[in-house]
Amino acid sequence: MQIAIIGAGNVGRALTTAWRRAGHTVTLGVRAGGDEPARTFATSLGADVARPGDAAANAGTIVLALPWAAAESVVGELGGLAGKTVIDCMNPIARTPLGMGLALGHDTSGGEQVAAWLPDAHVVKTLNQVGAEIMADASGFPVPPAMFMAGDNEPAKARVAVLLADLGFEPLDAGDITKARLLEPYALVWINQAIARGKGRNWALAALERGARS
Ligand SMILES: NC(=O)c1ccc[n+]([C@@H]2O[C@H](COP(=O)([O-])OP(=O)(O)OC[C@H]3O[C@@H](n4cnc5c(N)ncnc54)[C@H](OP(=O)(O)O)[C@@H]3O)[C@@H](O)[C@H]2O)c1
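Parameters and conventions
- Residues numbered from 1 in each chain as written.
- Predicted model: local features only at pLDDT ≥ 70, side-chain atom pairs only at ≥ 80, totals over all residues.
- Heavy atoms only, no water.
- Buried < 20%, exposed > 50% of the residue type's maximum accessible area, 1.4 Å probe, protein only.
- Helix = DSSP H or I, 4+ residues; strand = E, 2+ residues; numbered from the N terminus.
- Arc of directions from axis to C-beta.
- Contact = heavy atoms within 4.5 Å.
- UniProt positions renumbered as here; feature names shortened; annotations may be inferred.
- Core = buried A, V, L, I, M, F, W, Y, C linked by side-chain atoms within 4.5 Å.
- Near = heavy atom within 4 Å.
- Polar contact = N/O pair within 3.5 Å; in protein donor to acceptor, adjacent residues only side chain to side chain.
- Areas by Shrake-Rupley, 256 points an atom, 1.4 Å probe, with all protein chains shown as cover.
- Nonpolar A, V, L, I, M, F, W, Y, C, P; charged D, E, K, R; others polar.
- Axes fitted to C-alpha atoms, helices over the stretch in contact; angles between N-to-C directions.
- Parallel < 35°, antiparallel > 145°, perpendicular 65-115°, else oblique.
- Left-handed = near helix turned anticlockwise from the far one by under 90°.

1. Description of helix H4 (residues 68-76)
Trp-68, Ala-71, Val-74 and Val-75 are the residues of H4 that are buried. Viewed along the axis of H4, the buried residues span an arc of 100 degrees, placing them on a single side of the element. The exposed set on the far side of H4, more than 90 degrees from its buried face, consists of Ala-69 and Gly-76. Buried residues along H4 sit against strand S1 (2-6), strand S4 (61-64) and helix H5 (110-117).

2. Examining unusual backbone geometry
Despite not being glycine, Leu-81 shows a phi value in the positive range, around 55 degrees. For Leu-81, the position within the fold is in the loop between H4 and strand S5 (85-88). One non-glycine residue, His-106, adopts positive backbone phi at about 70 degrees. Considering the arrangement of structural elements, one finds His-106 in the loop between strand S7 (99-102) and H5. We classify His-106 as exposed; its relative accessible area is 81%.

3. Side note on the UniProt feature "domain: Pyrroline-5-carboxylate reductase catalytic N-terminal" (unreviewed entry) in the chain
Mapped onto this numbering, the UniProt entry gives "domain: Pyrroline-5-carboxylate reductase catalytic N-terminal" (unreviewed entry) at residues 2-92. This span, residues 2-92, is 41% helix and 23% strand, and a straight line between its end C-alpha atoms measures 27 Å.

4. Some thoughts on the nonpolar core
Considering soluble globular proteins, one finds that nonpolar side chains tend to be buried as a cluster. Membership of the largest hydrophobic core comes to 40 residues, with the highest contact counts inside it found for Ile-5, Leu-15, Trp-19, Val-63, Leu-127 and Phe-169. When residues of this core are traced back to their parent elements, those giving at least two are S1, helix H1 (10-21), strand S2 (25-29), helix H2 (35-44), helix H6 (132-136), strand S9 (146-151), helix H7 (154-167) and helix H8 (180-196). Among the elements that line this core, the one with the most residues is H7, at 6 residues. Not counting residues within four places of it along the chain, the set of residues in contact with Phe-169 comprises Leu-127, Val-130, Ile-134, Met-135, Ala-138, Pro-144, Pro-145, Ala-146, Met-147 and Leu-164.

5. Some words on the site of the ligand
Of all residues adjacent to the ligand, which total 22 residues, the nearest are Asn-10, Val-11, Arg-31, Leu-66 and Ala-132. One nitrogen or oxygen atom from the main chain of Ala-8 is found 3.1 Å from an oxygen atom belonging to the ligand. With respect to the ligand, the side chain of Arg-31 contributes an N or O atom lying 2.8 Å from an oxygen atom. Compared with its free state, where it exposes 910 Å², the ligand has 73% of that area covered by protein. Only H1, H4 and H6 provide two or more residues apiece to the shell around the ligand. Per element, the largest residue contribution to the shell around the ligand is 3 residues, and it comes from H4. Of the residues belonging to the shell around the ligand, the class tally is 14 nonpolar, 6 polar and 2 charged.

6. Brief notes about the packing of H1 against H2
Packed helix pairs are characterised by how far apart their axes lie and by the angle those axes make with each other. Their axes nearest at 11 Å, the elements H1 and H2 cross at an angle of 20 degrees. With respect to their mutual orientation, H1 and H2 come out roughly parallel. Considering how the two elements wind past one another, H1 and H2 form a crossing that is right-handed. In this structure, H1 contributes Arg-13, Thr-16 and Thr-17 to the contact, and H2 contributes Pro-37, Ala-38 and Phe-41. Counted by class, the contact of H1 with H2 contains 3 nonpolar, 2 polar and 1 charged residues.

Shown next as structure tokens:
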């Protein structure tokens, strides 16, 4: 697939690494000033670098790997993205009186906000649930780690499921985009264990089933 990844930080680079390894075409969308380190990284993997709008214009699947605070303005520069699949892997992380939390939730979600900004695109919330290291390499676990996705467009979710499997995850459909309300707090389960509870970053959650499926 032709994939544009907007944001060349931890997540953007992890996904570039793994999807290039799986044979996908990847362009990293970076802003002016971020070109050179990103270009060196991308070139080493046979990926390209472009401005975010140009990267998105030439791809069928666009991944948003940005800090939440930058998301709305960057998305606004991408054009309408009509009919394209947009993977939202951002978590609207915020400092709260209880420590790390979410800037919004319960009656909306980051995924729904992104879908509202891009009404003609097919937004799928996923790849927000484990650390970037696991996205770069999900091998070596006894079973594939689970990766939930939420979105309204079934063909888009089917395409994303292929991309998740290529990363080594078991794709699990959580339902429509409102289920991003579940997936964003769920990400905090991993973050809390990894950071606050000292479990580190080299682990993931999996879906275990007992008995045969009916
Ligand atoms: N890190 C993880 O393990 C992890 C796991 C799951 C989900 N997430 C979520 O994924 C998102 C990205 O996380 P990250 O750790 O990859 O963040 P990061 O390392 O800080 O990278 C963010 C990237 O976004 C770029 N960016 C910021 N503002 C921009 C703008 N206005 N235009 C274009 N690019 C811009 C930055 O570019 P510059 O270098 O030019 O500033 C940087 O390359 C976050 O929403 C996070 O919650 C992270």
